[in-house]
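Descriptive analysis of the structure
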Amino acid sequence: MSQKIRVVIAKPGLDGHDRGAKVIARALRDAGMEVIYTGLRQTPEMIVTAALQEDADVIGLSILSGAHMHICPRVMELLKEKGLGDVQVVIGGIIPDVDLPKLNAMGIRGIFIPGTSMQHIIDYISANARVRV
Amino acid sequence: MKSVADPASTRKNRWEREVVEPTLRKSPERKGTFTTISGRPIERLYTAQDVAAIDYDRDINNPGEFPYVRGIHPTGYRGKLWTMRQFAGFGTPEETNQRYQDLIAAGGTGLSVAFDLPTLMGRDPDHELCLGEVGKCGVSIMSLADMERLFAGISLADITTSMTINSPAPMIFAMYLVVAEQQGADWKTISGTIQNDILKEFIAQKEYIFPPRPSMRLITDIFAFCAKEVPKWNTISVSGYHIREAGSTSLQELAFTLRDGLEYVQYGVDAGLDVDDFVPRMSFFFNSHSDFFEEIAKYRAARKLWAEAMKNRFGAKNPRSWQLRFHTQTAGVSLTAQQPYNNVVRTALQALAAVLGGTNSLHTNSLDEALALPTRETATIALRTQQIIAHETGVTNVVDPLGGSYFIEKLTQDMVDGTLKYWDTIDGMGGMVEAIERGYPQQEVAESSYQFQQAVERKEKIIVGVNDFIQADERPIEILYIDDTASDVQLKRLAELKQTRDNECVRRTLEALKAVAKGHGNTMVPLLDCVRAYATVGEMCDALREVWGEYEEVPVI
């Protein structure tokens, strides 16, 4: 039997709008993944530490405030520093089109804007999470 | 609405049997059950039977008369239209000031300030959690100096201002008062609103700083201060908007918001205030979502519930304490990033529901808000939407045009009954503060939110352009992109401020604030001194964090 995919869902920054993060956390859990929801106001350091401690395969960031171009590079950098380069990072929220190429270049390809179906996100994560040994 | 000889029930039964059933045999209905966006089942037809228990004079009555189901003004919008109040703010105070000047020039009749997250969370821009947040979701206000810039050239004596600020409401309000004072405006006559509603932050929006009880004290301090010093100010805008945006049903929005309102009244009374001295300055703020009739029923029920609770539960004698006044904003959460022009239509219909429900003021969202903050053009279309409803549709000619509709009256009564049931549960827990500490409303909202998302996923609820009627070849629209200029400017200003102001005076006023926070005086008094010394929002909040600590929630999924 294959091991469950472990996902850390995090709300970085100051924003408290957590409807999306919570709905996704529950949907992923119902889809059979192991979900750890960090709660609000997490710094990139706290998120990467959580991923390390929880042995996460995937980090899901929910950002609606426009701070993603500051938070994402920092999270990616810290993951590399800690040797967690194979942890898949996905983001959901209000992400303008112009930022997509820059996020892709950082290694973030799962970018989910408002209206994305939960099934699509579940499928994406199932297909792209690192393979556990 | 009592029926006589031929009972309505008999007539409806006959119609079901003789007319509907043969029709259904030939062509069945599209679905087995029809529900509102909140999942409330809706009957095929409403008749006199559904409203037989309603006594018009006692339960509904005419506009301007208790319990105000049909509105608080006898003449509805024939006298005065609602206030068209567009929420705006971004970047530096100067940029936002320019947007206000545009809105006033375009016929806007009130200002509404959106603050950025650092301001809302009581943090100065140099705090580590403010990375990338300065000036993004609203305007950055660090100290009195920024407030002076925000209202430069705008006479506070002549305009009403609504400020969406909660945990740091006392600090921001104190800044506004000092700017008014500098302009020579009289505190006794200026008017506006501070949101100042912390309970819904714990339930939904999560912009809290201090634990519930000291947070409640800050609010009752403002009630007491304003009753004496700023008598025309709306001291709180008890908000359901955010509860709804977090995924609640229409009924939960109504029930929790009004129950929050009762909690504030109770705390005010417990602090020694007379109900009729502060309740007339309380106002409310509701969402207008896409389910047209359910929303209209919600507003009508809200007025009745509040009037009856103030009169019977709190013994208020002043009719102004009974009259629920409210602002409405169309549902941001209903806007789609896909085919964004459709959002103009959604917003127009939601705005119409708010108007038919008798809103006292209204914000209409812009078509691009699922993508970014609105541009100048889209913000103007949003305002024009209200003007078209007000001046072209004729819906303002008559007071409460839907009153007497079997469906609307039944739905209104159902919303009242459902709310009273929620209130019983919350009263049973000891009150709203206790219910929040137990996570009860949070859990209710999280559950509804997930149920709705699943209904969308299963296509039981259709969102045009999202899970049906999808268009593959969409072209992106132009959006407002906020870069980091504002952040750079504000960080530089913060450093300069700390070098040029009298730092000894700042230290002294902050110490005085802490002393009052530890004791029982009114916190507004030392806060005004802190503001005059150009203490920052972050410094004032830190002083109180030192005394009261910070709230941390246990997340409920």
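Residues numbered from 1 in each chain as written. Chains lettered and ligands numbered in written order. Predicted model: local features only at pLDDT ≥ 70, side-chain atom pairs only at ≥ 80, totals over all residues.

1. With respect to the confidence of the model for chain B
A residue-level look at chain B finds 99% of positions with pLDDT of 70 or above and a mean pLDDT of 95. In the predicted assembly, ipTM is 0.90 and pTM is 0.95. (pLDDT = per-residue confidence, 0-100.)

2. Structural notes on the interface of chain A and chain B
The partner chain B presents 36 residues to the 32 residues of chain A that form the contact. Sorting the residues of the side of chain A that touches chain B by element identifies helix H1 (19–30), helix H3 (68–81) and helix H5 (118–128) of chain A as the ones contributing at least two each. Among the residues making up the side of chain A that touches chain B, the classes are represented as 14 nonpolar, 11 polar and seven charged. (Contact = placed C-beta atoms within 7 Å. Helix = DSSP H or I, 4+ residues; strand = E, 2+ residues; numbered from the N terminus. Nonpolar A, V, L, I, M, F, W, Y, C, P; charged D, E, K, R; others polar.)

3. Quick notes on the pairing of strand S3 (residues 58–63) of chain A
Residue and element names in this part refer to chain A. Of all six residues in S3, six are buried; the element is thus mostly enclosed. Every second residue of S3 is oriented toward a common face, with Val58, Gly60 and Ser62 on one face and Ile59, Leu61 and Ile63 on the other, all of them buried. The sheet contact formed by strand S1 (residues 6–10) and S3 spans four bridges and is parallel. Pairing of alanine 10 across the sheet is with leucine 61, part of S3. The β-α-β motif built from S3, the intervening H3 and the parallel element strand S4 (residues 88–93) has right-handed crossover chirality. (Buried ≥ 20, exposed ≤ 12 C-beta atoms within 10 Å, placed from the backbone. Pairing = 2+ DSSP bridges. Right-handed = clockwise from strand over helix to strand, strands pointing away.)

4. Some remarks on the sheet that holds strand S4 (residues 110–114) of chain B
All names here are of chain B. Reading across the sheet, the eight strands line up as S6-S5-S4-S3-S10-S9-S8-S7 and stay open at both edges, with parallel pairing between neighbours. Single-partner strands in this sheet number two, and they are strand S6 (192–194) and strand S7 (236–239). Adjacent strand axes in the sheet meet at a mean angle of 25° when their direction is disregarded. Of the pairings in the sheet, the one linking strand S5 (residues 161–164) to S6 comprises three bridges and is parallel in character. Residue pairing across strands places serine 162 opposite threonine 193, the latter belonging to S6. (Axes fitted to C-alpha atoms, helices over the stretch in contact; angles between N-to-C directions.)

5. What to know about the sheet that holds S4 of chain A
Across a sheet, strands are paired by hydrogen bonds formed along the backbone, either parallel or antiparallel in direction. All names here are of chain A. On the basis of which strands lie adjacent, the open sheet formed by five strands has the order S2-S1-S3-S4-S5 and parallel pairing. If you trace the sheet from one side to the other, it starts and ends with strand S2 (34–37) and strand S5 (110–112), each paired once. Recorded for the sheet is a direction-independent mean angle of 20° between the axes of neighbouring strands. Set on the sheet, H1 makes contact with S1, S2, S3 and S4; between it and S2 the angle comes to about 160°. Packing against the sheet, helix H2 (residues 44–53) makes contact with S1, S2 and S3, and its axis sits at approximately 160° to S1.

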